[in-house]
Amino acid sequence: MRWPLITVLFAAGCSQDANHLGNPLMLPVSGVSTVIGNAAYEKRRGEVELVVKSNYEAIKTDIRAGGGPILTKAMDAAGIPERDRPARIIQLQSDMGLYQTTPGALVTALMVYGG
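Residues numbered from 1 in each chain as written. Predicted model: local features only at pLDDT ≥ 70, side-chain atom pairs only at ≥ 80, totals over all residues. Heavy atoms only, no water.

Counting its secondary structure elements, the chain contains seven helices and zero strands. Shown N-terminal to C-terminal, the secondary structure of the chain runs as helices and strands in the order α-α-α-α-α-α-α. Relative to its 115 residues, the chain shows a buried fraction of 26%. Total accessible area on the chain stands at roughly 7,700 Å², and carbon and sulfur atoms take up 65% of it. (Helix = DSSP H or I, 4+ residues; strand = E, 2+ residues; numbered from the N terminus. Buried < 20%, exposed > 50% of the residue type's maximum accessible area, 1.4 Å probe, protein only. Areas by Shrake-Rupley, 256 points an atom, 1.4 Å probe, with all protein chains shown as cover.)

Structure representation (structure tokens):
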């Protein structure tokens, strides 16, 4: 009587339908890819943070001016596509009050805009 139940459970685990766990045989692979993805994100965030915090007053000046070398360097580090940068600069300018005293908020915004 248990064999049909066990068979159904294993068959359900291998279905092609969407579920919250995915294919259980792929869990080790997805775990490794998550670790690699997180490491890449943290490396990129660290680079953005270094640029922003090392040049905080200059980057705020660049934002107010509509661009500049430090802002470009931060956007490069964040991976913001060049075609998106004019719109992102406008967004940064309109949210300048958020970044006036908090470099972490600016880092987070740049990371959100990045690819």
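Glancing now at the environment of aspartate 84. With respect to the secondary-structure elements, aspartate 84 resides in the loop between helix 4 (69-78) and helix 5 (85-94). Each C-alpha atom of the pair aspartate 84 and glycine 114 lies 9.4 Å from the other, and the pair is 30 residues apart in sequence.

Enumeration according to the criterion identifies four salt bridges in this entry. For the salt bridge of lysine 53 with glutamate 49, the shortest nitrogen-to-oxygen distance reads 2.9 Å. You can see lysine 53 and its partner glutamate 49 sitting in helix 2 (residues 27-54), four residues apart, about one turn around the helix. Given the relative accessible area of 47%, lysine 53 is considered partly exposed. Glutamate 49 gets classed as partly exposed once you look at its relative accessible area, which sits at 27%. Across the pair lysine 60 and glutamate 57 runs a salt bridge, and its minimum N-O distance is 3.3 Å. One end of the pair, lysine 60, and the other, glutamate 57, are both in helix 3 (residues 56-65), three residues apart, so they sit about a helical turn from each other. For lysine 60, a relative accessible area of 3% puts it in the buried group. (Salt bridge = Lys/Arg side-chain N within 4 Å of Asp/Glu carboxyl O.)

Along the polypeptide, arginine 85 turns up in helix 5. Setting aside residues up to four positions removed in sequence, arginine 85 forms contacts with Thr72, Met75, Asp76 and Ile80. (Contact = heavy atoms within 4.5 Å.)

Turning next to the nonpolar core. The biggest cluster of nonpolar side chains holds 23 residues, and the ones touching the most others in it are Val48, Val52, Ile59, Leu92, Leu106 and Leu110. Secondary structure elements with two or more residues in this core: helix 2, helix 3, helix 4, helix 5, helix 6 (96-99) and helix 7 (103-113). In this structure, valine 52 is in contact with Ile59, Ala74, Pro103, Leu106, Val107 and Leu110, ignoring residues within four places of it in sequence. (Core = buried A, V, L, I, M, F, W, Y, C linked by side-chain atoms within 4.5 Å.)

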